[in-house]
Amino acid sequence: MSETPEIQMVDLTGQYQRLKSPIDEAMARVLMSGRYINGPEVRSFSEALSEYLGVKHVIPCGNGTDALQAALMALNLNPGDEVITTSFSFIATVEVIALLGLKPVLVDVDPDTYNIDPELVREAVTPRTKAVIPVHLFGQSAAMEDIMLIAREYGLNVIEDAAQSLGADYKLNGSRQMLGTIGDIGCTSFFPTKNLGCFGDGGACFTDDDALAEKLRMIVNHGAKKKYMNEIVGVNSRLDTLQAAVLNEKIKHLDDFVTRRRQAAAYYYEALKDLSFLQLPLQISQGEHSFNQFTIRVPDDRRDELKQYLSDSGIPGMVYYPSPLHKQPVFEDHGITNQSLPVSEMLCEQVLSLPLHTEMTEEQLEFITTKIRQFS
Ligand SMILES: *Cc1c(COP(=O)(O)O)cnc(C)c1O
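Residues numbered from 1 in each chain as written. Predicted model: local features only at pLDDT ≥ 70, side-chain atom pairs only at ≥ 80, totals over all residues. Heavy atoms only, no water.

- As annotated in an unreviewed UniProt entry, the chain carries the name Transcriptional regulator and comes from Marinilabilia rubra.
- Word for word, the UniProt comment on the chain under Sequence similarities (unreviewed entry) is "Belongs to the DegT/DnrJ/EryC1 family." (UniProt positions renumbered as here; feature names shortened; annotations may be inferred.)

This is the structure we're talking about:
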């Protein structure tokens, strides 16, 4: 092979350069307008996203973690109420449950999709369970059909954590729905590396429910519907006008971003399918993956060896996530660190996310997969 291509886990500046002039112009318009908070771009982006998702209300906010917090605050829960979620995810989902004085109940995941196991959700339901938060991890839908059935059976609210899965979908009872629009409230993040990323922090909640939408809007705006008329305890969590202007341009390309991710993933699947020292992520038949991450499993204690080998060849790889959430020191006082969730614990030892982004070239993919094939 000729020269080694430069490979990044995520190529944010490459994408910016490709879309530079409309984004620069949109940002310049905001700078000249002086409307840096709640400018017209915030509303127009919310409308564009609501149309894209096919959902009635989009409530923008400061980041994905705030979106999850606002969603829980909107549900009228009481201290000690239980919220079921996955142990194999980013901390934010569980953090906001604990922050609000609710009780996180963590359950294990499916070893092939890495998503929450609905049967274990059912087993974890108690009379105090009020909500469940499935995370569509790495960009693929959790088993939403089963989760919605269980939620209905026990009267639970469903908050979807769609931070990694914007642009992915799921067929529920035969009809295609975008992730984040299936449960009572969907939450997402516009952190730069997500499927629709801005140039800083941003997030949003989605819902079809008018009353929940009104409450969410109040919560992220100091509990006020009208300025200086504060009716409930809220927070200050806004999407900056500048970020909204960037997102307004980028959302036009969201389908293309997801297509590019799927194409890179398809290359990995084809080039790595016959290797016995690794396992490729399982794709469910009910919905299309958006590949925010391409995460393989490397059993037999060889994950770190493969990661080092790739790193020596100039190929980055990341471990999402190195520790399950039920083993995080912060939860020692929450009565959950003693439990054993064997699949989550095993995955933390085995997973490796390969470089995948919207700017990947065939040359880079060929280089990466050739190196992986030479690992033995
Ligand atoms: C990124 C992420 C969040 C939090 O989003 P921020 O915008 O960084 O606050 C929440 N949940 C999951 C699964 C994430 O990947």
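**As for the domain arrangement of the chain**
- Here the chain is partitioned into domain 1 (13–252) and domain 2 (255–374).
- Centre-to-centre, using C-alpha coordinates, domain 1 lies 24 Å away from domain 2.
- Each side of the interface is counted separately: domain 1 has 42 residues, and domain 2 has 44 residues.
- Of the roughly 3500 Å² buried where domain 1 meets domain 2, counting both sides, 56% is carbon and sulfur surface.
- Between the two partners, domain 1 and domain 2, sit three salt bridges.
- The closest approach of N and O atoms between Arg297 and Asp112, which form a salt bridge, is 3.9 Å.
- Between domain 1 and domain 2 we count 22 residue pairs in polar contact (both at pLDDT 80 or more) in total.
- Only helix H1 (12–18), helix H5 (92–99), strand S3 (103–107) and strand S6 (169–172) provide two or more residues apiece to the side of domain 1 that touches domain 2.
- Of the residues contributing to the side of domain 1 that touches domain 2, the split by class is 18 nonpolar, 14 polar and 10 charged. (Domains from an automatic or database assignment. Contact = heavy atoms within 4.5 Å. Buried area = accessible area lost by both parts, 1.4 Å probe. Salt bridge = Lys/Arg side-chain N within 4 Å of Asp/Glu carboxyl O. Polar contact = N/O pair within 3.5 Å; in protein donor to acceptor, adjacent residues only side chain to side chain. Helix = DSSP H or I, 4+ residues; strand = E, 2+ residues; numbered from the N terminus. Nonpolar A, V, L, I, M, F, W, Y, C, P; charged D, E, K, R; others polar.)

**Looking at the site of the ligand**
- The local shell around the ligand holds 13 residues, among which Thr65, Asp161, Gln164, Ser189 and Lys194 are the closest.
- Between Gly64 and the ligand, the recorded distance is 2.8 Å, taken from a backbone N or O atom to an oxygen atom.
- Lys194 has a polar side-chain atom sitting 2.6 Å from an oxygen atom of the ligand.
- Look at the ligand: alone it shows 380 Å² of surface, and the protein chains cover 92% of it.
- The biggest single contributor to the shell around the ligand is helix H4 (residues 64–73), with three residues.
- The residue inventory of the shell around the ligand, partitioned by class, reads five nonpolar, six polar and two charged. (Near = heavy atom within 4 Å. Areas by Shrake-Rupley, 256 points an atom, 1.4 Å probe, with all protein chains shown as cover.)

**Some words on the pairing of strand S1 (residues 57–61)**
- Counting buried positions over the five residues of S1 gives five, a clear majority of the element.
- Residues His57, Ile59 and Cys61 line one face of S1 and the alternating positions Val58 and Pro60 line the opposite face, and both faces are buried.
- The pairing of S1 with strand S9 (residues 203–207) spans five bridges and is antiparallel. Considered in S9, the bridge of Cys61 is made with Gly203. (Buried < 20%, exposed > 50% of the residue type's maximum accessible area, 1.4 Å probe, protein only. Pairing = 2+ DSSP bridges.)

**Some remarks on unusual backbone geometry**
- Omega for the bond connecting Tyr320 with Tyr321 falls within 30 degrees of zero, at 10°, which places this linkage in the cis form.
- The residue Tyr321 is located in the loop between helix H11 (303–312) and helix H12 (342–350) in this model.
- Of note, the phi angle at Asn76 is positive, near 55°, even though the residue is not glycine.
- The backbone of Tyr114 shows a phi angle near 70°, a positive value even though the residue is not glycine.
- With respect to the secondary-structure elements, Tyr114 resides in the loop between S3 and helix H6 (118–124).
- Note on Tyr114: relative accessible area 4%, which makes it buried.

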